[in-house]
Amino acid sequence: MSAEQFASYESVYTALQPPAVVGVSLRKPEQGVGDTGTWGYTEPNPGPASHVGRRAPSYPPEPTGLPPASKADLYATMLPDTEIDGGTFGGTEVRAASVRGDSHRYNNECRQDAMAVARIGGTVLLLVADGVGSQPFSHRGSNRIGRLLAKQMWQMEPALRASLQERDETAFSGLANRVVADAAAELRGNAEREGLDPRTYSTTMRALLVPVDPEVRVRGFVSVGDGGLSRLRDGGWTSLDRSADGGPVLDSATDCLPGPYRHAYARLITDGLPGDVLVLSTDGFSLPLAGEPELRSRLARQWGGPDVPGLAEFLWQAQVRARSYDDDRTVVCLWEGR
């Protein structure tokens with residue numbers, strides 16, 4: 001590897017270091033401390049014990065046991081229960097959170113979801129990943145795919161950014177598929193070097209590519225496997241996880257990295273407006289959002305108002321619980337510049 005290549009990879013590695021706040025355990029704020037939404041609605045910040053629906057979830061609201069260390073998988077016990085991150089660029093603001101699910105907490109299992117928020121050249125990568133629960137090392141796959149995707153993206157970032165600027169969906173799809181395929185190949189190599197079947201690393205992935213330039217309002221979306229992409233506009237929710245003909249984005253919800261998968265789904269989002277909120281998530285968040293009207297209403301008030309929540313406030317809001325939805329939950333929100 002040349003010195004120039006090493007410097008490039010080192011820059012990507014630095015950009016993808018863990019967020020400044022990890023392993024967080026927060027208490028519910030005092031009564032009366034709240035937020036004002038689009039319609040003047042005020043409520044206390046929902047703490048970890050808050051839930052939607054008539055019946056409370058059956059699991060405890062806070063972490064209990066820790067994943068035990070083992071010689072075979074020390075990595076699992078080092079993963080934090082919770083991650084939060086965020087930033088501001090090009091007139092937009094980002095908030096991101098990944099929280100271990102109630103069932104994983106109860107069973108002393110690690111979080112299999114992961115996320116990445118990183119600036120690569122003139123483009124910001126926002127990513128969520130969901131390790132396939134039936135595979136024993138899927139948490140390794142989900143936590144590594146963000147770094148590998150960013151590393152491969154570094155090589156083609158100027159071309160990717162140009163495809164967004166020119167609204168060239170064909171070019172974007174081809175470039176995005178090359179990046180994903182190269183990252184998948186490297187993830188497969190990681191598993192094989194550790195003497196593991198690559199299928200044990202299986203993870204879904206979905207990402208938004210957002211130019212730093214505030215004059216470019218096009219966003220690139222690429223995904224393999226299930227999850228969600230929604231838009232909050234004027235208090236209403238719209239799923240963007242649809243192809244141009246209105247059909248499902250994916251032929252099969254079992255697609256995953258490093259494989260098997262046929263191709264990554266890639267599209268451009270060209271109809272965004274100032275004030276929109278794009279919500280990228282794993283299915284631990286997208287399923288309750290689709291299935292619980294009370295959750296949609298609550299988050300529309302909290303995220304559709306004039307102010308973007310702080311990191312801690314966003315975490316309280318994103319982890320509001322719902323009975324029967326006990327999977328890991330990862331969500332990244334992009335507030336388009338007003």
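Refer to the structure printed above.
The paragraphs below set out a description of the structure included in this document. Fair warning: this is a prediction, and the values are worked out from it, not measured in the lab. (Residues numbered from 1 in each chain as written. Predicted model: local features only at pLDDT ≥ 70, side-chain atom pairs only at ≥ 80, totals over all residues. Heavy atoms only, no water.)

## So, the packing of aromatic side chains
Selection rule: Any two rings among Phe, Tyr and Trp, with Trp reduced to its six-membered ring, count as a pair given centres within 6.5 Å; such a pair is stacked if its planes are under 30 degrees apart, edge-to-face if over 60, and tilted if neither. We count a stretch as a helix when DSSP gives it H or I for four or more residues in a row; a strand needs E for two or more, and each element gets its number in order from the N terminus. Think of it in three bands: with a 1.4 Å probe and only protein chains considered, a residue is buried below 20% of the maximum accessible area for its type, exposed above 50%, and partly exposed in between.
Per the stated rule, a full pass over the model turns up 5 aromatic pairs. Between the aromatic rings of Trp303 and Trp335, the centroid separation amounts to 6.3 Å while the plane-to-plane angle is 75 degrees, which identifies the pairing as edge-to-face. Here Trp335 lies in strand S16 (residues 329–335) and Trp303 lies in helix H7 (residues 293–303), a separation of 32 residues in the sequence. Of the two residues examined, Trp303 and Trp335, each falls in the buried class. Judged by centre distance (6.2 Å) and plane angle (75 degrees), the ring pair of Phe314 and Trp335 falls under edge-to-face. Of this pair, Phe314 sits in helix H8 (residues 311–318) while Trp335 sits in strand S16, placing them 21 residues apart in sequence. Put simply, the rings of Phe285, Trp303, Phe314 and Trp335 touch in pairs and so form one group of aromatic residues.

## Quick look at unusual backbone geometry
In this structure, Pro258 follows Leu257 across a cis peptide bond, with omega equal to 10 degrees. Mapped onto the fold, Pro258 is located in the loop between strand S12 (236–239) and strand S13 (265–269). A cis amide bond links Gly259 to the next residue, Pro260, at an omega of 10 degrees. Among the structural elements, Pro260 can be located in the loop between S12 and S13. A positive phi angle is found at Asn108, which is not glycine, with a value near 60 degrees. The phi dihedral of Asp234 falls on the positive side, at around 55 degrees, and the residue is not glycine. Relative to the elements of secondary structure, Asp234 occurs in the loop between strand S11 (228–233) and S12. Overall, the relative accessible area of 76% leaves Asp234 in the exposed class.

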